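The residues making up each chain are set out below.
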Amino acid sequence: MLYNLAIVFYDILVHLAAPFSRKPRKMMKGHWVVYELLRQQVEKGERYIWFHAASLGEFEQGRPLIERIREKYPDYKILLTFFSPSGYEVRKHYRGADIVCYLPFDKPRNVKKFLDIVNPCMAFFIKYEFWKNYLDELHKRHIPVYSVSSIFRRDQIFFKWYGGTYRHVLKNFNHLFVQNEASKRYLSKIGVNRTTVVGDTRFDRVLQIRQEAKELPLVEKFKGDNQFTLIAGSSWGPDEDLFLAYFNTHPQVKLIIAPHVIEENHLVEIISKLKRPYIRYTRADERNVLKADCLIIDCFGLLSSIYRYGEVAYIGGGFGAGIHNTLEAAVYGIPVVFGPKYQKFMEAIQLLEAKGAYSIKDYMELENLLERFRTEEIFLRETGANADDYVTGNSGATNKIMSMINF
């Protein structure tokens, strides 16, 4: 009862916020048309496998599995749903799925309506997606449902004394493919035993991204021959204060910045801190890019390919809510550096343990570390090799999951 009230309350809040905020407005527009879209696009008699991801990051975790199923079992149709506009708006034209839409709010009436139209033959929920009414109804209808790349910690509600309802939800899964042994132990303690430790499908995804990386002639021209280049990915203001101070005082180093927020105000702020020549990517050509020491990436979709051109990667977010994707850089066999707030990210902790990454707390630590990388070739090469070994050594989750699903 409390859960359903919370969903209704959230729905009301989104409706109230929609006139004033773009993200809720996009969500509501998507929800208004979802049932009509499904009625038009769901083909009678076809078997649909349903994948649900909260947002873009979870989609990237599920993507290797979607594409493997697509390749191996082309007779199945794929339905992909998102909760967040930040996932749907970016991937609404994703060709790996036959239908892409929002997931209606988890109200009992919505759930029945959605499942009546789609009638999936199986469902995959990625990482942290545990919608009670959907999972209850899937269980009632005997539709197999799996959790992929999920990870559990002691402080989650499932393991609290008041978390009985949520513990029951986990028992609706036919199987949970978890990332680590700790997750399996926590689940076992509450009587959830249909679990297998397979690791994280993100490792498979970043290896796939590396294989499909774009060639970027302007970036290659900017870098030049054997020029030590620092790639700063998904950076925020506090990150930029540190690596820009280093860049400004070390003319031997080139810098590529791909900030997390690509808005004009933020780009102007970055430019105001620079004391060496720069060029924005969208304004670069073969001539002016040669005159710049700093390349500012002012568009989306290039960062995962840009890391290949760097000697070292700095990953932003470590002085705020938490670091961004470290694996996209590590897969290229280059050292990874980030700020002090990384504890919620298992791959960051393990990269540190593997000596493929280093965390810094202030400018002095960053300067000392980057100077070591710049002047000590063996240290640079060994750290990069450790990063590459960590990623390749943890791949294979997709194959493990595929081997345990009955299609």
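Description of helix H2 (residues 22-41)
Turning to step 1, where the next piece is worked out: Given a rise of 1.5 Å per residue, 20 residues ought to cover 28 Å, and the 27 Å separating the end C-alpha atoms of H2 matches this to within 8%.
Turning to step 2, where the next piece is worked out: Where H2 bends most, at Val34, the angle is about 45°.
Turning to step 3, where the next piece is worked out: Pro24, Met27, Met28, Gly30, His31, Val34, Tyr35, Leu37 and Leu38 are the residues of H2 that are buried.
Turning to step 4, where the next piece is worked out: Where H2 is buried, its residues meet helix H1 (2-17), strand E2 (77-82), helix H4 (85-91), strand E3 (99-102) and helix H5 (108-118).

Details of the sheet that holds strand E9 (residues 254-259)
Turning to step 1, where the next piece is worked out: Strand order in the open sheet formed by seven strands is E10-E11-E9-E8-E12-E13-E14, and the pairing between neighbours is parallel. The sheet is open, and its two borders are formed by strand E10 (278-280) and strand E14 (357-359), each paired with just one other strand. Across this sheet, the average inter-strand angle for adjacent strands is 20°, counted without regard to direction.
Turning to step 2, where the next piece is worked out: Where E9 lies against strand E11 (residues 294-296), three bridges are found, and the strand directions are parallel. Within E11, the residue paired with Ile256 across the bridge is Leu295.

Examining the pairing of strand E4 (residues 122-126)
One face of the sheet, then the other: side chains in a regular strand alternate in exactly this way.
Turning to step 1, where the next piece is worked out: Summarising burial for E4: five of the five residues are buried, a large majority.
Turning to step 2, where the next piece is worked out: Here E4 pairs with strand E5 (residues 145-150) via four bridges, running parallel. Bridged to Ile126 within E5 is Val148.
Turning to step 3, where the next piece is worked out: Tracing the backbone out of E4, into helix H6 (residues 132-140) and back to the parallel element E5 gives a crossover that is right-handed.

Focus on the sheet that holds strand E1 (residues 48-53)
Turning to step 1, where the next piece is worked out: Strand order in the open sheet formed by seven strands is E3-E2-E1-E4-E5-E6-E7, with parallel pairing between adjacent strands. Strand pairing shows two members of the sheet lacking a second neighbour, E3 and strand E7 (195-197), which therefore form its edges. Looking at each pair of strands side by side, their axes are set apart by 20° on average, direction ignored.
Turning to step 2, where the next piece is worked out: Of the pairings in the sheet, the one linking E1 to E4 comprises four bridges and is parallel in character. Bridge pairing links His52 to Phe125 in E4.
Turning to step 3, where the next piece is worked out: In the packing of H6 onto the sheet, the strands contacted are E1, E4 and E5, and the crossing angle to E4 comes to about 155°.

Some details on the pattern of salt bridges
Turning to step 1, where the next piece is worked out: The tally for this structure, following the rule as stated, stands at 26 salt bridges.
Turning to step 2, where the next piece is worked out: Close ionic contact of Asp293 with Arg276 constitutes a salt bridge, the shortest N to O distance being 3.5 Å. Of this pair, Asp293 sits in the loop between E10 and E11 while Arg276 sits in the loop between helix H12 (264-273) and E10, and the two are 17 residues apart along the sequence.
Turning to step 3, where the next piece is worked out: One network of salt bridges, in which partners are shared, links Glu60, Arg63, Glu67, Arg91 and Arg205.

What counts as what
- Residues numbered from 1 in each chain as written.
- Predicted model: local features only at pLDDT ≥ 70, side-chain atom pairs only at ≥ 80, totals over all residues.
- Heavy atoms only, no water.
- Helix = DSSP H or I, 4+ residues; strand = E, 2+ residues; numbered from the N terminus.
- Expected span 1.5 Å × (residues − 1).
- Bend = angle between axes of the 7 residues up to and from the residue.
- Buried < 20%, exposed > 50% of the residue type's maximum accessible area, 1.4 Å probe, protein only.
- Contact = heavy atoms within 4.5 Å.
- Pairing = 2+ DSSP bridges.
- Axes fitted to C-alpha atoms, helices over the stretch in contact; angles between N-to-C directions.
- Right-handed = clockwise from strand over helix to strand, strands pointing away.
- Salt bridge = Lys/Arg side-chain N within 4 Å of Asp/Glu carboxyl O.

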